[in-house]
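# Coordinate inspection notes
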Amino acid sequence: MISRAIAIATAVVVAGYAEAQTIVARSGEHNDFTRLVMRIPNGVEWSLTQSDRTATVNVGSPTAEFNTQSVFDLIPRTRIQSVSQAGPGQPLRIELGCECRVDYYQQADGYLVIDVREGPQVALSVPNDATSLPLTFPSTTGALGLNLDRQDLASARVAMDLAGAVAQTFGSEQGQPRQTGPVNLPILSETPTQRFASSHSQTPTVDDQSEAEDDKSDDGKSEPPTLEADASLLMDFDENRRAALVNDSESRLLQQLGRASEQGLLQPTDQAAASGNLDPLGNGDRPLNALANISVTSAIDRETGLLAVGGEEENKDTHCIPDHELSIYKWGTEDPFSQQIGTLRNQLLGEFDQVNREAALKMARTYLYFGFGAEAAATLRLIPDTSLSEKSREIMVTMGRILDGDALPVNTIFTGQQTCGGDSAFWAAMSDGVVKSIANTDAIQQAFAKLPAHLRVQIGPRMSTLFADAGDHHVAKAALRAVDRTGVENVPDRNMAEAAIAELEGNTEEEVRSLTQEVAQQSENTPRALIELIDLTYRERRAISPDVPDLTASYELENRETVLGADLREAEVKALAMAGRFDEAFMRAARLEIRDGQVARNRVNDPLMTLLTENSDDVTFLKYALVFAEEAGAARAGQVGEMVARRLLDLGFPEQAETLLRKMSLEPSNEARRMMAAEAHLAMEQPQRALVELMGLEGQQADRMRAQALWLNKEYERASEYMLSAQEPNEAARGFWHSEDLQAAESLDAAEAPFRAVADLTTQIDTAVQEPQGLPPLAEARALIESSVGARNSIEELLRQVERAPAPDQ
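Just so it is clear, the model here is predicted, and its values are computed rather than measured.

## Observations concerning the sheet that holds strand 3 (residues 46–51)
In any sheet, the strands associate via hydrogen bonds between backbone groups, in a parallel or an antiparallel arrangement. A sheet is described by the order of its strands in space; here four strands give the open sequence 3-4-7-6, paired in antiparallel fashion. Taken across any chain shown, the strands that pair with only one partner, and hence form the sheet edges, are strand 3 and strand 6 (80–85). Going from strand to strand, the sheet's axes swing by 15° on average, the running direction of each strand aside. Where strand 3 meets strand 4 (residues 54–59), six bridges bridge the pair, whose relative direction is antiparallel. Bridge pairing in strand 4 places tryptophan 46 opposite valine 59.

## Brief notes about helix 11 (residues 373–380)
Given 3.6 residues per helical turn, the α-helix brings residues three or four places apart onto the same face. Those residues of helix 11 lying buried are Gly373, Ala376, Ala377, Thr379 and Leu380. The arc enclosing the buried residues of helix 11, seen along the axis, measures out at 160°, which places them on a common side.

## Focus: the sheet that holds strand 5 (residues 65–67)
Reading across from one edge, 5-1-2-9-8 is the order of the five strands in this open sheet, with mixed pairing throughout. A single partner strand is all that each edge strand has here, and the edge strands are strand 5 and strand 8 (100–106). Neighbour-to-neighbour, the strand axes of this sheet turn through a mean angle of 25°, independent of strand direction. Note: strand 1 (residues 22–29) against strand 2 (residues 33–39), five bridges, orientation antiparallel.

## Overview of the state of the cysteines
In protein chemistry, a disulfide is the covalent bond that joins the sulfur atoms of two cysteines. Considering all chains together, one arrives at two disulfides under this definition. Each sulfur of the disulfide joining cysteine 320 and cysteine 420 lies 1.8 Å from the other. Taking the torsion about the S-S bond as the criterion, the cysteine 320 to cysteine 420 disulfide, at about -85°, is left-handed. Within this pair, whereas cysteine 320 is found in the loop between helix 8 (312–315) and helix 9 (337–346), its partner cysteine 420 is found in the loop between helix 12 (390–404) and helix 13 (424–432), the two being separated by 100 residues in sequence. When sorted by exposure, cysteine 320 lands in the same class as cysteine 420, which is buried. Disulfide partners in the chain, listed by the sequence order of the bonded cysteines, are 1-2, 3-4.

## A word on the environment of asparagine 495
Considering the arrangement of structural elements, one finds asparagine 495 in helix 17 (residues 494–505). The exposure class of asparagine 495 is buried, given its relative accessible area of 8%. Sequence-wise, asparagine 495 and glutamine 517 are 22 residues apart; in three dimensions their C-alpha atoms are separated by 7.2 Å. Apart from residues no more than four positions distant in its own chain, asparagine 495 is found in contact with Ser514, Gln517, Glu518 and Gln521. Within polar-contact distance, the side chain of asparagine 495 engages the side chain of glutamate 518 at 3.0 Å.

Reading guide: rules and limits
- Residues numbered from 1 in each chain as written.
- Predicted model: local features only at pLDDT ≥ 70, side-chain atom pairs only at ≥ 80, totals over all residues.
- Heavy atoms only, no water.
- Pairing = 2+ DSSP bridges.
- Helix = DSSP H or I, 4+ residues; strand = E, 2+ residues; numbered from the N terminus.
- Axes fitted to C-alpha atoms, helices over the stretch in contact; angles between N-to-C directions.
- Buried < 20%, exposed > 50% of the residue type's maximum accessible area, 1.4 Å probe, protein only.
- Arc of directions from axis to C-beta.
- Disulfide = S-S within 2.5 Å.
- Contact = heavy atoms within 4.5 Å.
- Polar contact = N/O pair within 3.5 Å; in protein donor to acceptor, adjacent residues only side chain to side chain.

What follows is the structure, encoded as structure tokens:
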């Protein structure tokens, strides 16, 4: 009773997930219409209605969810203003931005195509008295015509509606009873049917010739010969099936020709020109599907992912592994694992201890069904190479390694199959470890939905993480919801998947919570979660727990000889630096270089030196930064050189800062680095090299540094001009005073340039010390005494005004 209840619950879970589909909507912009393309899941009913400027797509699935995230990446909001869905299972509302009509159709591969066009509906009219039927489609260059004569129309009507054709086209005149039994169908003299009839007929007799003369009309023209057709064909089911195929082909032909005409791929033809005759019911073995070998595809269709459907062989992906070789959901039953494996073990060896190939193959597949990849591979080794194809063996071994989470080579049996439409797309994504942009996400979801509940629990979080890393949070969340519906608690990898989704959504708090929970659970994912938590803490500059470095060291000891051990050693260096234990961090970094090489040391150099520059005290910083400036190569200097050089300059070590900046010469030049190099040269009193670094740079700071360099060269007048450009009038007045250009100094505003007073005092002193002219000796002596007193007072005032600063920036 309990096992039956579990089976029912599992079936409900599988059925529930099968209905939960994410429908991705893609878009494309054309000259006269806007296109939306979405793939409707198999077996889901849908409908589309339009009311004024709103089109509504209804789907018959209560859990269907439309992914419209990238709809407006390729189209403007002109014909389509918005595309929205209130919730899973709700209709998709398309708000139109014009008086548009919505045309739609669904291809055989499930793609629903919605075209939004401006203008009225297209009308098709057939005149009753026309001798031919012109099928006209709108086009930018004219009308696209298909001329069908009356004989062609008669044959087509017979194919699609035999009874109607007999009554309407070849029945009695108005007011006369309907004809029954054999019916005379007119045919053209050049049709294949008539050629077939003439080739099997005897030489015409005299009676035949007289009947032909009677068939002539009043104007002398002969009426077409007739073909005998039995009305009993109305009950021929095979013929009705052929008629339905013609009907479907006609609809698809009209759709593709109209689309090709609008895109300029077909040129209009003259309706009066002669055209070949159609004979849908011609004798012989003709194709039942008129479009079996016709496909109309444009470059625009390829860009939007919508390809015309051709024949079955054309659409078949020959490189894709067929689903019957990957149907893992059929390789086991609901019986207990021990019962299934025990039964197969009893059948494994036959007479003379020969391995039963069928039992071994079934047991390997049963192991895969329950998620035991290594056991399945071991069982497959019991089967001789001659009894199992190499391809099938490799498929199952690779599936087992995926289930076990083992590392896979770059190229596997599933490489290049993420675009396939079957189950191989799912296994290709899992083996590649990444969901590519061209992947068939619908096929991946459908294959995942087929898996038994325990395999969805086992693989679901990993699949969710892959889609989160690919930027598709809709499918990532859908995979986790499928795992939740199984009712299994403590799902492995779940916290890691939730952390990946939180990172994609920018929810840092949720990401920290998920990673912290995974670390606390002490599972097999704890080392990886610890590494990601340390990286997140470093990126966000968060405080780290003091015990994290020691915890990382303990896991590094456990995984020392594995690939994960190298990642843990790098994480330990980061954790020590974030905890402020720089001496230990640099010691661990030196050991890392010895054990894992120069590349690993370069990877930890950036966070280590960044944290040292940001957080350490001056003594600790200089202890390691001065050594770094002398010993670091171009690669390490390029990572953090500017940051370290800036602090060295602030601490008064221009030579070491300039040495570090010089090692970054191979890096792309930028203004900030050149400004720092000029500052270092000025501090080392190298004005010419500073001016070289400042060549081509603009701005007040660059002009101020040029003035400082010119000041060191004692070019005070040029320095004053750059000070004026840098909005430093007081320093400009100082420079003019040093260059003895007192008039330029006096031209400045005294309020903005207090140093102008010094220039005024200098002028007064020059005037005061001038010797008096034309005075008697006693008066001249008195004047000299008075001028000396005034000069002395002016000099005292001058000394009070002048600041003791050798350069304008000091």
